[in-house]
Amino acid sequence: MEGFTATTGRNILFGLYDDEVKLLDAVKAANAAHLDIDEVYTPFPVHGLDPLLGLEESRLHQAGFIFGSIGCLFGFGFMTWVFTRDWPIIFGGKPYWSVPAFIPITFELTVLFAAVGMVTVFYIICGLGPGAEPRRLHDRITDDKFCIAFDATDLGEADVDDLKAYFARTGAESVHNKVVPA
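Residues numbered from 1 in each chain as written. Predicted model: local features only at pLDDT ≥ 70, side-chain atom pairs only at ≥ 80, totals over all residues. Heavy atoms only, no water.

Caption draft 1: The packing of helix 3 (residues 60-86) against helix 4 (residues 99-126), seen in detail. As a packed pair, helix 3 and helix 4 sit with axes 7 Å apart at the nearest point and diverge in direction by 145 degrees. By crossing handedness, the relation of helix 3 to helix 4 is classed as right-handed. Of the residues in the contact of helix 3 with helix 4, the class split is 18 nonpolar, eight polar and no charged. (Axes fitted to C-alpha atoms, helices over the stretch in contact; angles between N-to-C directions. Helix = DSSP H or I, 4+ residues; strand = E, 2+ residues; numbered from the N terminus. Left-handed = near helix turned anticlockwise from the far one by under 90°. Nonpolar A, V, L, I, M, F, W, Y, C, P; charged D, E, K, R; others polar.)

Caption draft 2: Focus on the UniProt feature "transmembrane region" (unreviewed entry) in the protein. UniProt's feature table lists "transmembrane region" (unreviewed entry) at residues 63-83 and 103-126, given in the numbering used throughout. Taken end to end, residues 63-83 is 100% helix and 0% strand, and its two terminal C-alpha atoms sit 30 Å from one another. Counted over residues 103-126, helix gives 100% and strand 0%. Its end C-alpha atoms are 34 Å apart. (UniProt positions renumbered as here; feature names shortened; annotations may be inferred.)

Caption draft 3: Expanded view of the pattern of salt bridges. Enumeration over the complete set of coordinates arrives at six salt bridges. Where Arg 10 meets Asp 38, a salt bridge forms, and the shortest distance between an N and an O atom there is 2.5 Å. Highlighted residues: Arg 10 in strand 1 (residues 9-17) and Asp 38 in the loop between helix 1 (20-32) and strand 2 (39-41), separated in sequence by 28 residues. With relative accessibility at 27%, the residue Arg 10 sits in the partly exposed group. On the accessibility criterion, Asp 38 (33% relative accessible area) is partly exposed. The closest approach of N and O atoms between Arg 140 and Asp 144, which form a salt bridge, is 2.7 Å. For Arg 140, a relative accessible area of 35% translates into the label partly exposed. A residue is classified by how much of its surface remains accessible, and Asp 144, at 31% relative accessible area, is partly exposed. (Salt bridge = Lys/Arg side-chain N within 4 Å of Asp/Glu carboxyl O. Buried < 20%, exposed > 50% of the residue type's maximum accessible area, 1.4 Å probe, protein only.)

Caption draft 4: Summary view of the sheet that holds strand 2. Here we have four strands laid out as an open sheet, ordered 2-3-1-4, and antiparallel in their pairing. The strands lining the two open edges of the sheet, one partner per strand, are strand 2 and strand 4 (174-181). In this sheet, adjacent strand axes meet at a mean angle of 25 degrees when their direction is disregarded. Here strand 1 runs beside strand 4; their pairing, made up of eight bridges, is antiparallel. Bridge pairing in strand 4 places Phe 14 opposite His 176. (Pairing = 2+ DSSP bridges.)

Spelled out as structure tokens, the structure:
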């Protein structure tokens, strides 16, 4: 490698693994060696990886509850307003405010608001959406490979060699270097 001084971004050193068992063992080895893992990429969720990385539980379900509650109140409130104030019509002898008839639509609006709200919050948190540029270290990471990435921007050659030795020791299939935007 030519040099590990990145002037236009961050220099990422990463290793690719064949399966999730090797990846979990490699993360445990990195934790034992007190290595600072920048990111771990997997093609599917790996059970037990979050606690090893020190990640907390997502609060996305709380956003779903809030958006679902808003949808429930909106649906029930809107139907109440329409059928009692704006356009009061007696349908089949039912009273103006027929709560059992409102339940299916209220449920559907609860689900709709929760789903759309959670997707919107997820996109905002992850920086996704229209115009977002994909940040891929390697094409096979989201296909069939597992990756552990380290930020090697401020590391010396000896530290980079130690990381390469760590990858070789933990069974990485290949080791790559890539400069990514900061």
